[in-house]
Amino acid sequence: MIDLDHAATTRLYPEALDAMLPFLTGNHANASGAYGAARQTRRAIDEARVVVASCIGAKPGEIFFTSGGTEADNWALSGAVSAHPGRPHIVTSAIEHHAILEMCTALEEQGMHVTKLPVDHNAVVDCDMLMQIEKDGAKPALVSVMMANNEVGTIEPIQKIAGTAHAMGALMHTDAVQAVGHIPVNVDALGVDLLSMSAHKFGGPKGVGALYIRQGTRIGRFMHGGAQEMGMRPGTENTAGIVGMAKALEISVIHMKENALKTAALRDSLQGEILRRIPGARINAADAERLPGHLHITIDSISSSMLLMRLDMMGIAASAGSACASGALERSHVLLAMGASRDGQADLRLTLGADNTPEEIESAVAALERIVIRSQP
Ligand SMILES: *Cc1c(COP(=O)(O)O)cnc(C)c1O
């Protein structure tokens, strides 16, 4: 399989698996136990917390492990509003992941007010609109804007947005699931109070992630139970997952520069070849500052489902937009927010990683060429 769907998930680093194995096959102790093996487990989790914190410029006590990006996103939103009952308002953007948008819908059903900031044709969030909301005297509990979009790859001006959020007395959250491990992420430089990440997007295992919570931030608990994660996130720790996450992030950060350069070069050559050889292909968010591996195109002459099916038959994994949207007939909310029309076109998300090769890129272009040219009347 040629994997051009790295934004959906990534291959586990062998080093991460090696770090995890002792906690799957050897030491199975619950980190809360009062015996040697348990203390060993506890120590491994604490060491992982130090590594994850250092990779985003945070303190270890500000990292709370979760079951993934979705839980971290849900927690940030519900925790912010539950801790600030006098501010029943959330500001977010129109292009967030469903983990944010569906949680907003749930909170709206509980009486919360949600404002979704529009984006321009490159999927950049409208900061002027946010400043207008501030001038109008809005008092949201939270502003939540993703650091990088999972569909088109646009990197958002988080530092600027955080400044306006704080001027309103709101907390600032960013869903940095697509950014962490791929581009530099520093919580102080960004000025965020809350940040979500997910291990399986940077070579770690699935089902583990973290929410960064800046020291002193008032936020409610999302789950209720035991005293794990400093009493903020109950449940017996996923020791192997946490250890694997830390190892994967450490590796991703060490190799970030070279991987980003390599991936962006492959992406740029793929983009160039598509424009040259695929009739009617257009690049979405072409002028935005994008993640190194993201390429999102629209082809007018074929349907999304047909295109994905043919690519699948040729052994190429890609996506129609986001993983959750593939197979769906509706155009993605991200493309619609960018001003695309509702119907008629095939959207294709190709997301590359440092493990892709120039030969794979050439095979993918050749496959696209065959599919699109054959489908023409
Ligand atoms: C993948 C993703 C999530 C969800 O993370 P999971 O760990 O799969 O729950 C949230 N936000 C963005 C931007 C993502 O790409």
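Residues numbered from 1 in each chain as written. Predicted model: local features only at pLDDT ≥ 70, side-chain atom pairs only at ≥ 80, totals over all residues. Heavy atoms only, no water.

(A) Geometry of the overall build of the chain. The helix and strand tally for the chain stands at 13 helices and twelve strands. Radius of gyration (C-alpha) of the chain: 21 Å, near the 21 Å computed for a compact globule of 377 residues. Reported as C-alpha extents along the three principal axes, the dimensions of the chain are approximately 70 × 55 × 35 Å. Put simply, the chain shows about 15,500 Å² of open surface, and 55% of that area lies on carbon and sulfur atoms. Considering the chain, the positive charge centre built from 31 side chains and the negative charge centre built from 41 side chains are found 3 Å apart. (Helix = DSSP H or I, 4+ residues; strand = E, 2+ residues; numbered from the N terminus. Rg over C-alpha atoms; globule rule 2.2 N^0.38 Å. Areas by Shrake-Rupley, 256 points an atom, 1.4 Å probe, with all protein chains shown as cover. Lys, Arg positive; Asp, Glu negative; His and termini not counted. Charge placed at Lys NZ, Arg CZ, Asp CG, Glu CD.)

(B) Molecular detail of the packing of aromatic side chains. Applying the stated criterion across every chain yields a total of one aromatic pair. Residues phenylalanine 64 and tryptophan 75 carry aromatic rings whose centres are separated by 6.0 Å and whose planes lie at 80° to one another, so their mutual orientation is edge-to-face. Taken together, the residues phenylalanine 64 in strand β2 (residues 63-66) and tryptophan 75 in helix α4 (residues 69-83) connect sequence positions eleven residues apart. Using a relative accessible area of 6% as the deciding quantity, one classes phenylalanine 64 as buried. Residue classification places tryptophan 75 among the buried residues on the basis of a relative accessible area of 0%. (Phe/Tyr/Trp six-rings, centres within 6.5 Å; stacked < 30°, edge-to-face > 60°. Buried < 20%, exposed > 50% of the residue type's maximum accessible area, 1.4 Å probe, protein only.)

(C) Representation of the site of the ligand. Near the ligand lie 13 residues; those nearest to it are Thr70, Asp175, Gln178, Ser198 and Lys201. Glutamine 178 is positioned with one of its side-chain polar atoms (N or O) 2.7 Å from an oxygen atom of the ligand. In the environment of the ligand, an oxygen atom lies 2.8 Å from a nitrogen or oxygen atom belonging to the side chain of lysine 201. Compared with its free state, where it exposes 380 Å², the ligand has 87% of that area covered by protein. Per-element tally for the shell around the ligand: the top contributor is α4, with three residues. When its residues are assigned to classes, the shell around the ligand shows two nonpolar, eight polar and three charged. (Near = heavy atom within 4 Å. Polar contact = N/O pair within 3.5 Å; in protein donor to acceptor, adjacent residues only side chain to side chain. Nonpolar A, V, L, I, M, F, W, Y, C, P; charged D, E, K, R; others polar.)

(D) Quick peek at the layout of surface pockets. Counted as a void, the largest pocket has a volume near 550 Å³. Surrounding the largest pocket, 30 residues form its lining, His6, Tyr13, His182, Gly353 and Ala354 being those nearest its centre. Looking at the lining of the largest pocket, the elements with two or more residues in it are α1 (14-20), α9 (239-254) and α10 (256-277). Top contributing element to the lining of the largest pocket by residue count: α10, with four residues. Residues belonging to the lining of the largest pocket are distributed by class as follows: twelve nonpolar, 14 polar and four charged. Both domain 1 (2-9 + 256-375) and domain 2 (14-254) contribute no fewer than three residues apiece to the lining of the largest pocket. (1 Å grid on protein atoms, 1.4 Å probe; cavity = no way out; pocket = protein on both sides within 12 Å on 5 of 7 lines; lining within 4 Å. Points joined across faces, edges and corners; volume = space filled by probe spheres on them. Domains from an automatic or database assignment.)

(E) Structural view of the side chain of serine 198. Looking at the element boundaries, serine 198 is found in strand β7 (residues 194-198). Under the relative-accessibility criterion, serine 198 is labelled buried at 3%. Discounting residues that sit within four places of it in the chain, serine 198 has contacts with Gly69, Val177, Val208 and Gly209. (Contact = heavy atoms within 4.5 Å.)

(F) Seen up close, the side chain of threonine 217. Within the element layout of this structure, threonine 217 appears in the loop between β8 (209-213) and α9. Among the polar contacts listed, one links the side chain of threonine 217 to the backbone oxygen of arginine 214, at a separation of 2.6 Å. Setting aside anything within four residues of it in sequence, one finds threonine 217 in contact with Leu171, Asp193 and Leu194.

(G) Looking closely at the nonpolar core. Counting 61 residues, the largest nonpolar core has Ile56, Ile63, Val143, Met172, Leu195 and Met197 as its most contacted members. Each of two domains, domain 1 (2-9 + 256-375) and domain 2 (14-254), supplies a minimum of three residues to this core. The contact partners of isoleucine 56, leaving out residues within four places of it in the chain, are Ile63, Val185, Asn186, Val187, Leu195, Met197 and Tyr212. Leu270, Ile299, Leu307 and Leu352 belong to the second largest nonpolar core, which has 29 residues in total. (Core = buried A, V, L, I, M, F, W, Y, C linked by side-chain atoms within 4.5 Å.)

(H) Quick look at the state of the cysteines. The tally for this structure, following the rule as stated, stands at zero disulfides. This cysteine, cysteine 127, is not joined by any disulfide, and cysteine 104 carries the nearest cysteine sulfur, 18 Å off. A residue is classified by how much of its surface remains accessible, and cysteine 127, at 9% relative accessible area, is buried. (Disulfide = S-S within 2.5 Å.)

(I) A look at the sheet that holds strand β9 (residues 281-283). Overall, antiparallel pairing links the three strands, which are arranged β9-β10-β12 in an open sheet. Each edge of the open sheet carries a strand with a single partner, namely β9 and β12 (346-351). The average angle at which neighbouring strand axes cross in this sheet is 30°, direction not considered. Inspection of the sheet shows β9 paired to strand β10 (residues 294-299) by three bridges, in the antiparallel sense. Bridge assignment links isoleucine 283 to a residue of β10, and that residue is isoleucine 297. Where α10 meets the sheet, its contacts fall on β9, β10 and β12, and the angle it forms with β10 comes to roughly 15°. (Pairing = 2+ DSSP bridges. Axes fitted to C-alpha atoms, helices over the stretch in contact; angles between N-to-C directions.)

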